[in-house]
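Single-letter residue listing:
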Amino acid sequence: GHVLTSRDGTVWEAEVDLEGSWASGPTWANGEFIAVFDPSSGDRVLAHTVDGRSWQFTPAPDGCYGSSLAAVGRHLVLRCGWRLWSSSDGVGWTSTAQDRWVEGLWSAAGWFLASVGEGELLVSRDGLAWESRGRLPSDILAVTGLGHRAIAVGSYGSILRSDDVLASGVRR
């Protein structure tokens, strides 16, 4: 669990080496970085820090072995197999069960996006109420966005865009 920090994105400093491994990269919400961490001993936890040096750990939701965490404003969503967990503080979590396996979770254009089942795209503002917005190819690795525009990239060279995620989903 190496932790590196940078003030400018070009020069990096090693801060701490935690015993365990990172299950997700950090995301920013509520004035802190939050990431999913697997300690060498014990259950998966959520790791919280404001500076990358000093870390606090809170339990992940019961039975959650998720490895994706996304943030939109103050809201966080954690992907855990058949469930998506939503939180406004990174400590208390509410589950929304899905009827299909959750393949991917991202935040883009002020929305949460989740890929479920055979690539159905779901969108949500708060991580609790989800709406279907079309389909994504199965090779999508990441989605990001700004304003209402979203860009998705896949493992076999797929590049998709959406000028309005809410109106049309993501398309080639």
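Bear in mind the structure is a predicted one, so any value in this text is a computation, not a measurement. (Residues numbered from 1 in each chain as written. Predicted model: local features only at pLDDT ≥ 70, side-chain atom pairs only at ≥ 80, totals over all residues. Heavy atoms only, no water.)

Trainee: Now, about the overall build of the protein chain: what can you tell me, with residues and values included?
Mentor: Across its full length, the protein chain holds 1 helix and 18 strands. Dimensions of the protein chain, computed from the C-alpha atoms along their principal axes, are close to 45 × 40 × 30 Å. Counting contacts in the protein chain only where the partners sit at least 6 residues apart, residues at least 24 apart contribute 30% of the total. Entry remark: accessible area of the protein chain is about 9200 Å², with carbon and sulfur atoms responsible for 51%. Where the 14 positive side-chain charges of the protein chain centre and where its 20 negative ones centre are 9 Å apart. (Helix = DSSP H or I, 4+ residues; strand = E, 2+ residues; numbered from the N terminus. Contact = heavy atoms within 4.5 Å. Areas by Shrake-Rupley, 256 points an atom, 1.4 Å probe, with all protein chains shown as cover. Lys, Arg positive; Asp, Glu negative; His and termini not counted. Charge placed at Lys NZ, Arg CZ, Asp CG, Glu CD.)

Trainee: Go over the confidence of the model for the protein chain with me, naming the residues and quoting the values.
Mentor: Per-residue confidence for the protein chain gives a mean pLDDT of 80; residues scoring 70 or more make up 93%. Here helix H1 (residues 165-168) stands out as the element of the protein chain with the lowest mean pLDDT, 52, in contrast to strand E7 (residues 56-59), whose mean of 88 is the highest. (pLDDT = per-residue confidence, 0-100.)

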